[in-house]
Amino acid sequence: MKVGVLALQGDVPEHLRVLRMLVRDPVAVRGPTDLAAVGALCLPGGESTTIARLIEAAGLWAPLRDRIQHGLPVLATCAGLILLARELAPSASGRDPPTFGALDVTVRRNDYGSQRESCEAPIRVEGLGGTPFPGVFIRSPRILSVGARATPIAWRGEEIVGAREGKLWGLTFHPELSRDLRVHRKFLSAAGLRG
Ligand code: GLN
């Protein structure tokens, strides 16, 4: 099976660039036919309200929700995490997208402030040996709580910045914007795909 990247808006080329270094021919998923061809999916960073609208317009909302419910491995970064979350706490802007309600976390959009809060920081990721992972944060959501079905997998200091529930991974930072392939590689091998 191939690996896909939801390719409607956001940092799609960046995920594809990392995936091309690890697997053959990753797929840009733009509609239900593309989705049917993939066995794992990256939900990119971007603007979650826009991505949600485009998912609906592409006829992908129900197919994607079904695949996720039936065990599709998903690596969701930043806006992707927002879309995957079980629950959103209302953000300051009052604009919050619908979500797939799949990964058992509560998150809030833009909870570290705006661009001024974008930064790079060392991250500890569960099961990644070696040096800390370079975490790139861009207007990231905050994980307010991790529910009983999920477990934390990434930390910035004491703060939880990633969680996993089975095959669903959600990160508030952007491994696709670093030169470090370890997170994608680990996700792919956990999904049973080469990485
Ligand atoms: N702030 C964006 C949102 O709420 C997420 C930012 C990102 O993906 N880098 O959708």
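Above this note sits the structure.
Residues numbered from 1 in each chain as written. Predicted model: local features only at pLDDT ≥ 70, side-chain atom pairs only at ≥ 80, totals over all residues. Heavy atoms only, no water.

Engineer: Where do I start with the layout of surface pockets in this structure?
Structural biologist: Over the atoms, a rolled probe matching the size of one water molecule traces out where space is still vacant. Size it by volume and the largest pocket reaches roughly 190 Å³. Around the largest pocket, the lining comprises 16 residues; the ones closest to its centre are Gly46, Glu47, Cys78, Ile138 and Arg139. Taken together, the residues of the lining of the largest pocket break down into five nonpolar, seven polar and four charged. (1 Å grid on protein atoms, 1.4 Å probe; cavity = no way out; pocket = protein on both sides within 12 Å on 5 of 7 lines; lining within 4 Å. Points joined across faces, edges and corners; volume = space filled by probe spheres on them. Nonpolar A, V, L, I, M, F, W, Y, C, P; charged D, E, K, R; others polar.)

Engineer: Before we go on, may I ask you to explain the environment of Arg65 in this structure?
Structural biologist: Relative to the helices and strands, Arg65 is located in helix α4 (residues 61–69). Arg65 gets classed as partly exposed once you look at its relative accessible area, which sits at 33%. C-alpha of Arg65 to C-alpha of Ala102: the two residues are 37 residues apart in sequence and 8.4 Å apart in space. (Helix = DSSP H or I, 4+ residues; strand = E, 2+ residues; numbered from the N terminus. Buried < 20%, exposed > 50% of the residue type's maximum accessible area, 1.4 Å probe, protein only.)

Engineer: Would you explain the site of the ligand in this entry?
Structural biologist: If you check the shell around the ligand, you find Gly45, Gly46, Glu47, Ser48, Cys78, Ala79, Ile82, Arg109, Asn110, Ile138, Arg139 and His174 and nothing else. Interatomic distance of 3.1 Å between a backbone N/O atom of Ala79 and an oxygen atom of the ligand. One nitrogen or oxygen atom from the side chain of Asn110 is found 2.5 Å from a nitrogen atom belonging to the ligand. When isolated, the ligand has an accessible area of 300 Å², and the protein chains bury 96% of it. Because more than half of its atoms lie within 2 Å of the grid, the ligand is assigned to the largest pocket. The class makeup of the residues in the shell around the ligand is four nonpolar, five polar and three charged. (Near = heavy atom within 4 Å. Polar contact = N/O pair within 3.5 Å; in protein donor to acceptor, adjacent residues only side chain to side chain. Areas by Shrake-Rupley, 256 points an atom, 1.4 Å probe, with all protein chains shown as cover. Sits in = over half its atoms within 2 Å of the grid points.)

Engineer: Looking at this structure, how should I read the pattern of salt bridges?
Structural biologist: Pairing is possible between side chains that carry opposite charge, provided their charged atoms lie close to one another. For the structure on display, the rule yields 12 salt bridges. When the shortest N-O distance is used, the salt bridge between Arg108 and Asp111 registers 3.3 Å. Since its relative accessible area comes to 27%, Arg108 is described here as partly exposed. A salt bridge links Glu165 to Arg149; the nearest nitrogen and oxygen atoms lie 2.6 Å apart. Of this pair, Glu165 sits in strand β11 (residues 159–165) while Arg149 sits in the loop between β9 (142–146) and β10 (151–156), and the two are 16 residues apart along the sequence. (Salt bridge = Lys/Arg side-chain N within 4 Å of Asp/Glu carboxyl O.)

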